[in-house]
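# Structural characterization, general
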Amino acid sequence: MHTLLPTTIVGSLPKPSWLAEPEVLWSPWALEGDALDEGKHDALRIAVHEQARRGIDIVSDGEQTRQHFVTTFIEHLSGVDFDKRETVRIRDRYDASVPTVVGEVRRERPVFVDDAAFLRSTTDRPIKWALPGPMTMVDTLCDAHYKSREKLAWEFAVILNEEAKALEAVGVDIIQFDEPSFNVFFDEVKDWGVAALERAAEGLRAETAVHICYGYGITANNDWKATLGSQWRQYEESFPLLQRSSIDIVSLECQHSHVPMDLIELIRGKKVMLGAIDVANDAIETPDEVAGTLRRALAFVDADKLIPSTNCGMAPFPREVALQKLSALSAGATLVRSELS
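### Re helix H5 (residues 149-169)
Look at H5: 30 Å from first C-alpha to last across 21 residues, which is about the 30 Å you get at 1.5 Å a residue. Residues Leu 152, Ala 153, Phe 156, Ala 157, Ile 159, Leu 160, Asn 161, Glu 163, Ala 164, Ala 166, Leu 167 and Glu 168 constitute the buried set of H5. Positive backbone phi, approximately 105°, marks Gly 171, located one or two places after H5.

### Some thoughts on the sheet that holds strand S1 (residues 78-90)
Reading across from one edge, S1-S2-S4 is the order of the three strands in this open sheet, with mixed pairing throughout. Two strands close off the open sheet at either side, each with one partner strand: S1 and strand S4 (142-143). Across the sheet, H5 touches strand S2 (94-106) and S4, and the angle it forms with S2 is around 70°.

### Looking at the environment of His 76
If you trace the backbone, His 76 turns up in the loop between helix H2 (71-74) and S1. For His 76, a relative accessible area of 31% translates into the label partly exposed. Taking the C-alpha atoms as reference, His 76 lies 12 Å from Leu 160; in sequence the two are 84 residues apart.

### Notes on the pairing of S1
By the bridge criterion, nine bridges tie S1 to S2 in an arrangement that is antiparallel. The partner of Glu 86 across the bridge, within S2, is Val 98. What sits between S1 and S2 in their antiparallel hairpin is a turn of three residues, with Arg 91 showing a positive phi close to 50°.

### Details of helix H3 (residues 113-122)
Residues of H3 that are buried: Val 113, Asp 115, Ala 116, Phe 118 and Leu 119. Buried residues along H3 sit in contact with helix H1 (33-53), strand S3 (128-132) and H5.

### Observations concerning the nonpolar core
Ranked by size, the top nonpolar core spans 99 residues in total, and within it Leu 131 and Leu 274 carry the most contacts. No other element matches H5, which puts nine residues into this core. Those residues in contact with Leu 131 that lie beyond four places of it in its chain are Phe 73, Phe 112, Leu 160, Glu 163, Ala 164, Leu 167, Ile 175, Gln 176, Phe 177 and Asp 178. Counting residues in each nonpolar core, the second largest holds seven residues, with Ile 174, Ile 249, Met 273 and Ile 307 among its members.

### Structural notes on unusual backbone geometry
The backbone of Lys 147 shows a phi angle near 60°, a positive value even though the residue is not glycine. Of note, Lys 147 is situated in the loop between S4 and H5. Positive phi outside glycine occurs at His 256, with the angle close to 60°. Mapped onto the fold, His 256 is located in the loop between strand S7 (249-253) and strand S8 (271-275).

### Section: the pattern of salt bridges
Within the structure shown, the criterion is met by 24 salt bridges. We note a salt bridge from Glu 339 to Arg 295, for which the minimum N-O separation is 2.7 Å. With Glu 339 in helix H10 (residues 319-340) and Arg 295 in helix H9 (residues 287-297), this residue pair connects regions lying 44 residues apart in the sequence. Judged by its relative accessible area of 38%, Arg 295 is partly exposed. Through salt bridges that share partners, Glu 50, Arg 53, Arg 54 and Glu 320 make up one connected network.

Parameters at a glance
- Residues numbered from 1 in each chain as written.
- Predicted model: local features only at pLDDT ≥ 70, side-chain atom pairs only at ≥ 80, totals over all residues.
- Heavy atoms only, no water.
- Helix = DSSP H or I, 4+ residues; strand = E, 2+ residues; numbered from the N terminus.
- Expected span 1.5 Å × (residues − 1).
- Buried < 20%, exposed > 50% of the residue type's maximum accessible area, 1.4 Å probe, protein only.
- Pairing = 2+ DSSP bridges.
- Contact = heavy atoms within 4.5 Å.
- Axes fitted to C-alpha atoms, helices over the stretch in contact; angles between N-to-C directions.
- Core = buried A, V, L, I, M, F, W, Y, C linked by side-chain atoms within 4.5 Å.
- Salt bridge = Lys/Arg side-chain N within 4 Å of Asp/Glu carboxyl O.

Now the structure itself:
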């Protein structure tokens, strides 16, 4: 990717209403069987078209073929019983009913590889594919087998590495690991979280990214953020570790958050995927607002390492809101790009 300030999205886009109930996380599919498979790929085509039309440079699937950024990957693994559910605390902030690890976890077959190959066939632009990170996978389950978050994370890291190498083989340019848990479990991040993440990315030629945010714009996350005070400094815990890691790109939340911009200095030398679009508010950013966020970031990251993006996924938004936000992201990046050139 040779474009200065290439734009991208972090995760999900809203799904069409004929595919799944809109504006809902874990929304059940509205189709079945072959019609569902066809519908997922039709929705993916639309997501690619809209990203291109709105000026997004690094294209993703918008998570059109999955219900959730973590559990859809997990449900394809052996050793996890989705009928045996327990209520656990997710990200130490809300309770959820989750499946249970009942035996050794294994990847018996590829999970997203066919969908990624389909995405590759729809565009000549660079493509990015997101996988859940090992720690966040552990935190979205009940473990009745390993009885150790660290042991389970290392098993997931090996599985993720297998999937990531297969994604790379079908033409994925950037593989993103989603680790919102890095903003919560600081001791684990230090003890084994970053190491497990590096194991998941081991041996890849594709660029690797880790996305760490404050969550979707849902009530549980917004309520938690309201308790964090006037400055959100959680990145101080993970950024120094990631700066020394093998991960190429660090993705963080900025727009309308209380993250001090100077924390980006802690990852100097890495590429920075900067969240310049708020996912907790359906107000459409103006191009000038986006540009202002990017200009402030450029004091702490070189222009050739800055990738403007969204704060997090946008599945809970109305589709038109999400698409207008993509247009604002692209327009804001264009303003700053013209100033730099």
